[in-house]
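Working through the structure, step by step
Here's the letter readout for the chains.
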Amino acid sequence: MTTEQSVITIFAVAAGTVLTRFLPFLIFPEGKTPPKYITCLGRALPHAVIGLLVVYCLKDAVFSDYHGLPEMIAVGFIFLLHRWKRNTLLSIAGGTVLYMILVQYFFL
């Protein structure tokens, strides 16, 4: 990439980021009630995204013999840890650490 192309790319990424951050506040100001479909999307999309991430993470897992067991143990651990502590970051980190320990030391 030339210097000019790099500057244009950086500007485009920065403008896109600023636009996506400020546009909702311009369209839906604080005193105005958003439309019902926006409120419905705001409630439904976080759960849909989490479901999509679970499917994406498990799409390549092979569930025969012991091959899917570390994934299922980690998913169960994440579920229980999140129900107990209600901390997303702790749940993700704990599940990742447990999964890595399982695949490195127990399921070779």
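Now for a quick tour of the structure. (Residues numbered from 1 in each chain as written. Predicted model: local features only at pLDDT ≥ 70, side-chain atom pairs only at ≥ 80, totals over all residues. Heavy atoms only, no water.)

1. Things to note about the overall build of the protein
Each helix and strand in the protein was counted, giving four helices and zero strands. Counting from the amino terminus, helix and strand elements in the protein follow one another as α-α-α-α. Based on the C-alpha atoms only, the size of the protein along its principal axes is roughly 50 × 45 × 25 Å. Considering the protein as a whole, with its 108 residues, one finds that 10% of them fall into the buried category. (Helix = DSSP H or I, 4+ residues; strand = E, 2+ residues; numbered from the N terminus. Buried < 20%, exposed > 50% of the residue type's maximum accessible area, 1.4 Å probe, protein only.)

2. Remarks on the packing of aromatic side chains
A complete count under the given rule lists zero aromatic pairs for this structure. For Lys85, the ring lying beneath its charged end belongs to Trp84, and the centroid distance is 4.4 Å. (Phe/Tyr/Trp six-rings, centres within 6.5 Å; stacked < 30°, edge-to-face > 60°. Lys NZ or Arg CZ within 6 Å of the ring centre and 35° of its normal.)

3. Notes on the environment of Ala93
Note that Ala93 resides in helix α4 (residues 88–106). The partly exposed category is assigned to Ala93, whose relative accessible area is 39%. Sequence separation between Ala93 and Ile78 is 15 residues; the distance between their C-alpha atoms is 8.9 Å.

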